[in-house]
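# A closer look at the structure
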Amino acid sequence: MLIGYARVSTHDQTLNLQLDALKLAGCEKTYTDTASGAKTEREGLQDALDHLRTGDTLVVWRLDRLGRTLKQLIELINEFNSQGIGFKSLQENIDTTTSGGKLIFHIFGALAEFERDMIRERTNAGLQAARARGRQGGRPKALTPKQVALAQSLYDSREHPIQDICDTLGISKGTLYKYLNLTSYGRKENRDSKRLGVILGNGQHSQARPHTALRAASVMSVKGMTPGTPR
């Protein structure tokens, strides 16, 4: 059974030329789309694919009606072949149900693989040339080594609030903690300080749970404090 598929990109274009050619080719049923070929989701094409059965042949007026890239075409044709479905393009006179048509698509597949290899080689060559000139790929670092040293100095001095350091360097708190390698306790300075005052400065809390006391000791270690030291 011959199943036709026709597509135009915009509503200003007409399907009549394609529909007439597909009808003349003997298509018993035709599905259509009005959408860009770059779109991966096309309702008409999906309906046609769902309708196809082993032994059927999908017919298009021209190759670019089915897919905009060689990669898309190769993937679809390979899927058809695995399901025993043929493919025919009227303008290019390609018919994968014949030995000549299969040969053409094998050549297309080889060209597509060659193109991918060439792109990969050019990309690797460009990266190597950039590295030889001292340039590294990836996202630029938020802070230079000098800025990291300044941030560490400001933080160690205990004279500047965390937010002021971040504002000065133009970074977020998360970035500062990352570069200074601080623990998660350093991110909750105010809240944990208040909690320490309750736990250590009040006798009724001396029987705090073990994990709470351990957490308090860890915070004190980060802040350079000793038990009983006034804030």
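Just so you know, these numbers come straight off a predicted model, no measurement behind them.

## A look at the overall build of the chain
Of the regular secondary structure elements, the chain holds nine helices and five strands. Helices (α) and strands (β) of the chain occur, in sequence order from the N terminus, as β-α-β-α-β-α-β-β-α-α-α-α-α-α. In the chain, the proportion of contacts linking residues at least 24 apart, taken out of those at least 6 apart, comes to 62%. Taken as a whole, the chain presents about 15300 Å² of accessible surface, with 51% of it coming from carbon and sulfur.

## Let's talk about unusual backbone geometry
A positive phi angle, close to 55°, is found at Asn93, a residue other than glycine. Inspection of the secondary structure assignment puts Asn93 in the loop between strand E4 (86-89) and strand E5 (94-95). Not every positive phi belongs to a glycine, and Arg158 is a case in point at roughly 60°. By the secondary structure assignment, Arg158 is in the loop between helix H5 (145-157) and helix H6 (162-169). The exposure class of Arg158 is partly exposed, given its relative accessible area of 43%.

## Focus on the sheet that holds E5
Spatially, the five strands line up as an open sheet ordered E2-E1-E3-E4-E5, and their pairing is mixed. Both edges of this open sheet fall to strand E2 (29-34) and E5, since each of them pairs with a single strand only.

## Describing the side chain of Asp95
Locating Asp95 in the fold gives a position in strand E5. As a buried residue without a salt bridge, Asp95 has its nearest oppositely charged side chain in Lys88, at a separation of 4.1 Å. In this view, Asp95 contacts Phe87, Lys88, Gly101 and Lys102; residues no more than four positions away in its chain are not counted.

## Looking at the pairing of strand E1 (residues 2-8)
For E1, the buried fraction is high: six of the seven residues fall into the buried class. Pairing between E1 and strand E3 (residues 57-60): four bridges, direction parallel. Counted as the bridge partner of Gly4 is Val59 from E3. Bridge count for E1 against E2 is six bridges, and the pairing is parallel. In the sheet register, Val8 faces E2, and the bridge partner there is Thr34. Between the parallel elements E1 and E2, the chain passes through helix H1 (residues 16-24) in a crossover that is right-handed.

## Description of the pattern of salt bridges
This model, assessed by the stated rule, comprises three salt bridges. Between Arg65 and Asp64 there is a salt bridge, with the nearest N and O atoms lying 3.1 Å from each other. Via salt bridges that share partners, Arg62, Asp64 and Arg65 belong to a single interconnected network.

Parameters and conventions
- Residues numbered from 1 in each chain as written.
- Predicted model: local features only at pLDDT ≥ 70, side-chain atom pairs only at ≥ 80, totals over all residues.
- Heavy atoms only, no water.
- Helix = DSSP H or I, 4+ residues; strand = E, 2+ residues; numbered from the N terminus.
- Contact = heavy atoms within 4.5 Å.
- Areas by Shrake-Rupley, 256 points an atom, 1.4 Å probe, with all protein chains shown as cover.
- Buried < 20%, exposed > 50% of the residue type's maximum accessible area, 1.4 Å probe, protein only.
- Pairing = 2+ DSSP bridges.
- Lys, Arg positive; Asp, Glu negative; His and termini not counted.
- Salt bridge = Lys/Arg side-chain N within 4 Å of Asp/Glu carboxyl O.
- Right-handed = clockwise from strand over helix to strand, strands pointing away.

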